[in-house]
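An overview of the molecular structure
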Amino acid sequence: MSMNNNESTALGIIAGTLVGAAVGLLFAPYKGSKTRQIIADEATLAKNKLESEMATAKDIITQTTIDLKDRVMSNTVSKKQTIEEQLDDIVMDVSHKADDVISTLEKKLTELRVKNKKLQKTS
């Protein structure tokens, strides 16, 4: 039965880990209870560091979300103001044009009244 490369690699890693652990235990500078305490302390420090980094990441994500929301809201308000200004410009333009149309119609009406009076006098 032959092993492929992945199986050989995995077996080598496992064997190396076991040999390393055995050598580490043989040459450990402290007795077992002290070594276990050091490992537990390091694990606690690692856990606390991870929790701190997770809290920092959460704060960054929260702040980024707030900043993004503020930017979107600011953009929305800005766009709304721009649209309202454009609408106001259109209304003013239409209003001026309506005034021009009314003035023109009033002039025509006056002209028609004058013509009508002339026609009534000649008849």
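Summary of the structure given here. Per chain, residue numbering runs from 1 following the sequence as it is written. At least 70 in pLDDT is required for a residue's local features to be given in this predicted model, at least 80 for side-chain atom pairs to be given and counted, and no such filter applies to totals for whole chains, interfaces and linings, which use all residues. The side-chain figures draw on all heavy atoms in the structure; neither hydrogens nor water molecules are used.

**A word on the overall build of the protein**
Numbering of helices and strands starts at the N terminus; helices are DSSP runs of H or I of at least 4 residues and strands are runs of E of at least 2. Per the secondary structure count, the protein includes 2 helices and 0 strands. Between the two quantities, the radius of gyration covers C-alpha atoms and the globule rule is 2.2 Å times the number of residues to the power 0.38. For 123 residues, the compact-globule estimate of 2.2 N^0.38 gives 14 Å, and the C-alpha radius of gyration of the protein, at 44 Å, exceeds that figure by more than 25%. Judged by the C-alpha coordinates and their principal axes, the protein covers about 135 × 45 × 10 Å. Partly exposed describes any residue whose relative accessible area lies between the buried limit of under 20% and the exposed limit of over 50%, with all areas from a 1.4 Å probe on protein chains only and scaled to the type maximum. For the protein, the residues scored as buried account for 0% of the 123 residues in total. Calculation of accessible area relied on Shrake-Rupley with a 1.4 Å probe; when residues are assessed, cover is drawn exclusively from the protein chains displayed. Carbon and sulfur atoms form 63% of the exposed surface of the protein, whose accessible area is close to 11,600 Å².

**Regarding the environment of Leu-119**
When you line up the elements, Leu-119 lands in helix H2 (residues 32-122). Note on Leu-119: relative accessible area 56%, which makes it exposed. Separated by 48 residues in sequence, Leu-119 and Arg-71 have C-alpha atoms that sit 71 Å apart.

**Brief notes about the pattern of salt bridges**
Opposite charge on two side chains permits pairing when their charged atoms draw close. The salt bridge criterion pairs a side-chain nitrogen of Lys or Arg with a carboxyl oxygen of Asp or Glu, the two atoms within 4 Å. This model, assessed by the stated rule, comprises 3 salt bridges. Across the pair Lys-47 and Glu-51 runs a salt bridge whose closest N-O atoms are separated by 3.7 Å. One end of the pair, Lys-47, and the other, Glu-51, are both in helix H2, 4 residues apart, so they sit about a helical turn from each other. Relative accessible area serves as the criterion here: at 48%, Lys-47 is assigned to the partly exposed category. Here Glu-51 falls in the partly exposed class, since its relative accessible area comes to 44%. With a closest N to O distance of 3.9 Å, Glu-84 and Lys-80 form a salt bridge. Residue Glu-84 and its partner Lys-80 are located together in helix H2, separated by 4 residues, close to a single helical turn.

All we've got here are geometric facts, nothing functional implied.
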